[in-house]
Amino acid sequence: MKLEQTADGSYTLYVPELDEHYHSVKGALTESQHIFIEMGLKHSTVSEPHILEIGLGTGLNAFLTLLSAEETRRKVHYTGIERYPLAEETLKQLDYPRLIGKQHEEDYYAIHRAPWNTETEVSPWFTLHKIEDDFTRLFNPEEGSRPAVPLYDIIYFDAFAPEKQPEMWEQSLFDTLYKVLNEGGILTTYCAKGVVRRMLQTAGFTVERLPGPPGGKREILRATKSD
């Protein structure tokens, strides 16, 4: 993987095998804050939300969620699924606390140092459950041995793009994500492709096209589970 600076000064990772970046090159930090915090977390009215992230990756979304939870004193229960955890040396090169504030450096690394497959209280306002596994296996409705999953209030869908990892963007997976959301729950994603919007609608979601992050994508999607 290769470290690359994005337009807002924050860094992302480039994966040559997929010809894909972890974040938008037009601004990694700006993208995450807009799509997942502003349009996801802050849009939810649940007082103590349970969040599921598909693709923990660099931990940037989890980090920003932790900071928001501490700032607003709104307790968050966060589950992140990641098949390929990143090495701490790579995370240090990304150095997200440099832009956000060095006083939060320990918060960022606490997320990555938390043990896998167990619930950990990272702070009084942020409880983390990292799952090292394949999202498509855990949430495949055809898997007879699929473990029972809790219900969530917010889903951050931050997988690699459909053309890079098509197996992460199948109708059966969106059908299952609809089922694991509480009534009124929301899913946000950077991908506004028509095929993705239609799959979300087929699953039962009410889907909105929203303005993308400043200087970035023109549109993003927010899907809501409602009657």
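Residues numbered from 1 in each chain as written. Predicted model: local features only at pLDDT ≥ 70, side-chain atom pairs only at ≥ 80, totals over all residues. Heavy atoms only, no water.

(A) Representation of the pairing of strand E11 (residues 219–224) in the model. Burial analysis of E11 places five of its six residues in the buried class, the great majority of the element. Where strand E9 (residues 181–189) and E11 come together, four bridges link them in antiparallel fashion. Residue pairing in the sheet places Leu-187 in a bridge with Ala-223 of E11. Note: strand E10 (residues 206–211) against E11, six bridges, orientation antiparallel. Within E11, the residue paired with Thr-206 across the bridge is Thr-224. (Buried < 20%, exposed > 50% of the residue type's maximum accessible area, 1.4 Å probe, protein only. Helix = DSSP H or I, 4+ residues; strand = E, 2+ residues; numbered from the N terminus. Pairing = 2+ DSSP bridges.)

(B) Spotlight on the layout of surface pockets. Its boundaries defined by the atoms lining it, the largest pocket holds a volume of some 500 Å³. If you trace the largest pocket, you find 29 residues lining it, with Gly-55, Glu-82, Tyr-84, Phe-160 and Gln-165 closest to the centre. Listing elements by their share of the lining of the largest pocket, those giving two or more residues are strand E4 (50–54), helix H2 (60–72), strand E5 (76–82) and helix H6 (135–138). Of the residues contributing to the lining of the largest pocket, the split by class is 14 nonpolar, eight polar and seven charged. In this structure, the second largest pocket spans a volume of roughly 410 Å³. Forming the walls of the second largest pocket are 21 residues, and the residues nearest its centre are Glu-20, Ser-24, Glu-31, Tyr-190 and Lys-217. (1 Å grid on protein atoms, 1.4 Å probe; cavity = no way out; pocket = protein on both sides within 12 Å on 5 of 7 lines; lining within 4 Å. Points joined across faces, edges and corners; volume = space filled by probe spheres on them. Nonpolar A, V, L, I, M, F, W, Y, C, P; charged D, E, K, R; others polar.)

(C) Spotlight on the sheet that holds strand E2 (residues 11–15). An order of E1-E2-E3 is seen for the three strands of this open sheet, with the pairing classed as antiparallel. Pairing within the sheet leaves two strands with one partner each, and these edge strands are strand E1 (2–5) and strand E3 (20–21). Examined bridge by bridge, E1 and E2 share four bridges and lie antiparallel to one another. In the sheet register, Lys-2 faces E2, and the bridge partner there is Tyr-14.

(D) Representation of the side chain of His-34 within the structure. Note on placement: His-34 falls in helix H1 (residues 28–41). A distance of 2.8 Å separates the side chain of His-34 from the backbone oxygen of Pro-211, its partner in a polar contact. The contacts of His-34, once residues within four sequence positions are left out, are Met-39, Pro-211, Gly-212, Pro-213, Pro-214 and Ile-220. (Polar contact = N/O pair within 3.5 Å; in protein donor to acceptor, adjacent residues only side chain to side chain. Contact = heavy atoms within 4.5 Å.)

(E) Structural view of the packing of aromatic side chains. If you walk through the whole model with that rule in mind, you get 13 aromatic pairs. Each ring, one from Phe-157 and one from Trp-169, has its centre 4.7 Å from the other, and the planes form 70 degrees; the classification is edge-to-face. Taken together, the residues span a long stretch of sequence, with Phe-157 in strand E8 (residues 152–157) and Trp-169 in the loop between E8 and helix H7 (171–180) at a distance of 12 residues. For the pair shown, Phe-157 and Trp-169 are each scored as buried. Grouping aromatic residues by their ring pairs yields a cluster made of Phe-135, Phe-157, Trp-169, Phe-174 and Tyr-190. In this arrangement the basic side chain of Lys-130 is found over the ring face of Trp-116, its NZ or CZ atom lying 4.4 Å from the centre. Above the face of the Tyr-178 ring, Lys-225 is positioned so that its terminal group lies 4.7 Å from the ring centre. (Phe/Tyr/Trp six-rings, centres within 6.5 Å; stacked < 30°, edge-to-face > 60°. Lys NZ or Arg CZ within 6 Å of the ring centre and 35° of its normal.)

(F) Representation of the UniProt feature "domain: MnmC-like methyltransferase" (unreviewed entry) in the protein. The UniProt record marks residues 152–225 with the feature "domain: MnmC-like methyltransferase" (unreviewed entry), using the residue numbering of this structure. What you have in residues 152–225 is 27% helix and 36% strand, and the ends, taken at the C-alpha atoms, are 11 Å apart. (UniProt positions renumbered as here; feature names shortened; annotations may be inferred.)

(G) Region of the structure containing the sheet that holds E8. Within the open sheet, the eight strands sit side by side as E6-E7-E5-E4-E8-E9-E11-E10. Their pairing is mixed. Each edge of the sheet is formed by a strand with only one pairing partner; in this case those strands are strand E6 (119–123) and E10. Each strand axis lies, on average, 20 degrees off the axis of its neighbour in the sheet, ignoring direction. Where E5 meets strand E7 (residues 126–132), seven bridges bridge the pair, whose relative direction is parallel. When the bridges of E7 are listed, Gly-80 appears paired with Lys-130. (Axes fitted to C-alpha atoms, helices over the stretch in contact; angles between N-to-C directions.)

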